[in-house]
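# Results of the structural survey
Each chain is listed here by its residues.
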Amino acid sequence: MKENRGSFSGKLGVVAVAAGSAVGLGNIWRFPYIAGENGGGAFLIVYLIFVFLIGVPVMLSEFAIGRRAGCNAYGTFKRLSPKGGWWLVGLMGIIAAIMIFSFYGTVAGWTLEYVKKSICNDFVGQDDAALAQIFGDFTSQPVMPTVWMIIFVALTSLVILFGVEKGIEKVSKLLMPILLVLIIAICVRAVTLPNASKGLEFLFKPDWSSLTFKGVLMALGQAAFSLSIGMGTMITYGSYIKKDTPLASTAIEIATCDTVVALLGAIMVFPTLAFLGAESAGGPGLVFITLPAIFQAMPGGYIFAILFFLLLSVAALTSTISLLEVPVAFLVDEFKMSRKKATLLSSSVIIFLGVFCTLSFGLLSDFTIFGKTIFDLFDYTTANIMLTFGALLIVIYVGWFFGRKKFIEELTAGGKGNVKLAKFISILVKFVAPVGIGLVAIGSLVIGGIV
Ligand code: PHE
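Residues numbered from 1 in each chain as written. Predicted model: local features only at pLDDT ≥ 70, side-chain atom pairs only at ≥ 80, totals over all residues. Heavy atoms only, no water.

With that settled, the discussion passes to a nonpolar patch on the surface. On the surface, Ile45, Ile49, Leu53, Trp208, Trp400, Phe401, Ile427, Phe431 and Val432 cluster together into a nonpolar patch covering about 870 Å² of accessible area. Mapped onto the elements of the fold, Ile45 is located in helix 3 (residues 41–69). (Patch = residues over 30% accessible without salt bridge, like charges linked within 9 Å, V, L, I, M, F, W, Y side chains within 5 Å. Areas by Shrake-Rupley, 256 points an atom, 1.4 Å probe, with all protein chains shown as cover. Salt bridge = Lys/Arg side-chain N within 4 Å of Asp/Glu carboxyl O. Helix = DSSP H or I, 4+ residues; strand = E, 2+ residues; numbered from the N terminus.)

Given below as structure tokens:
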């Protein structure tokens, strides 16, 4: 199986593709509103600790076993440990990938609509109340949000189907730096708005009393979501990494890129929110309301808005490609399905579930399970339960069952890379990450009363 797999072009290729998966709506759309709802500064500190002490070791564990087995998330466990039920971890990851894409596709569809709205100059002269109205009016319709979602899933399928990942790799290497420059320019405008300091204070001055146990769990869930870990994306991508690429430093670079973009995302949003005088800092509509407001306060805002939403769609696309690749690799490897059939089957399931997620903002907004709409339920359950639990089981597997020698061999590509760093990471994988995730999980169950 290993022989006919494609592979990434060395270390830079790995970092670019995995960072493409990590950087997406999770950074720009999800991070600001989750941080806002959970206390700002204190949440941010806990988040940073989780990214580097837990996220990086989990990502490396995934790369290591994926490359070792040369296989999809389920098959990796099945091949490395044929006995024992570890393959269930892989299977849970594949289900998580499908569920994440189902609600992620809704938001990715919104970004396409916002490209259109930017071109049509729909935001000009609108205050924050009107912008919130525009967002609500659009997302609560039944047809257009669903159409955009389907278009987005179809676009992702096309990329996977024609195997133009290499093309996408090139395109995103060119476009993502442009997105970064745009974001920095928007940040400069955001922090120079009247009242911006209040927003920055919220983000950078930790108020520990505002952080709950549930907030700590959400920080861990957000870290896993944003790094694309705990569900098999990085296992699958690991299987495409060449044997002679040392892994250890790659994950640190990917996590750093991802964190910088999330931080910049928050720096765009909170000062703008303070400028608008809006009280609440929550809800999935947050960036879709604050960003059009800031574009109006920028010279060249019309062009900025179009470019920004366009590049945000591309960033989302490099993430959805990595999501779809998880079930597709599974079906191709395990059921000997053709890539075409596997892609069509996976994307049909995603579109089916995606319709319910999309309609959660309109027709189905009153339909709730455990007090959550289908969209919220998918979002909450995947990030905070499935990815967290998946990450826990992955580090337990690698730390305690896979074998330390093999792990260090993978991290250093047989001794080429930094051995000291690899040894340190193996300790994080064996002790720090499992205990950390375990404590958060138990703590939120017992103290937070979260199911
Ligand atoms: N990390 C992506 C983002 O932040 C989302 C994602 C999660 C992608 C899990 C793949 C796997 O947008």
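Back to the text.
Taken together, 15 residues surround the ligand, and among them Ala22, Gly26, Tyr104, Phe225 and Ser228 come closest. One of the side-chain N or O atoms of Ser228 is found 3.0 Å from a nitrogen atom in the ligand. When the ligand sits alone it has 320 Å² of accessible area, and the protein chains cover 100% of it. Those elements giving two or more residues to the shell around the ligand turn out to be helix 1 (10–22), helix 2 (25–37), helix 10 (213–227) and helix 14 (301–335). Of the residues that constitute the shell around the ligand, the class distribution is 6 nonpolar, 9 polar and no charged. (Near = heavy atom within 4 Å. Polar contact = N/O pair within 3.5 Å; in protein donor to acceptor, adjacent residues only side chain to side chain. Nonpolar A, V, L, I, M, F, W, Y, C, P; charged D, E, K, R; others polar.)

Let's shift gears to the packing of helix 5 (residues 87–119) against helix 14. Direction vectors running N to C along helix 5 and helix 14 enclose 160°, while the axes themselves pass 8 Å from each other. The angle between the axes of helix 5 and helix 14 places the two elements in the roughly antiparallel class. Crossing of helix 5 over helix 14 shows left-handed handedness. Of the residues contributing to the contact of helix 5 with helix 14, the split by class is 24 nonpolar, 6 polar and no charged. (Axes fitted to C-alpha atoms, helices over the stretch in contact; angles between N-to-C directions. Parallel < 35°, antiparallel > 145°, perpendicular 65-115°, else oblique. Left-handed = near helix turned anticlockwise from the far one by under 90°.)

Another aspect to go through is the pattern of salt bridges. Applying the stated criterion to the full structure yields 8 salt bridges. Between Glu410 and Arg67 there is a salt bridge, with the nearest N and O atoms lying 2.7 Å from each other. A residue pair is termed long-range when its members are at least 10 positions apart, and Glu410 in helix 17 (residues 404–412) and Arg67 in helix 3 qualify at 343 residues. A single burial state applies to Glu410 and to Arg67, both of which are buried. Salt-bridge contacts for Lys117 lead to Glu113; the nearest nitrogen and oxygen are separated by 2.8 Å. In this pair, Lys117 and Glu113 are both assigned in helix 5, 4 residues apart and thus about one turn of the helix distant. The pair Lys117 / Glu113 is uniform in exposure class, with both members buried. (Buried < 20%, exposed > 50% of the residue type's maximum accessible area, 1.4 Å probe, protein only.)

This part covers helix 10. Between the first and last C-alpha of helix 10 there are 21 Å, a value that for 15 residues agrees with the 21 Å anticipated at 1.5 Å per step. By the criterion of burial, helix 10 is predominantly enclosed, with 13 of the 15 residues buried. Once helix 10 finishes, Ser228 follows within two positions and takes phi at roughly 60°, a positive value. (Expected span 1.5 Å × (residues − 1).)

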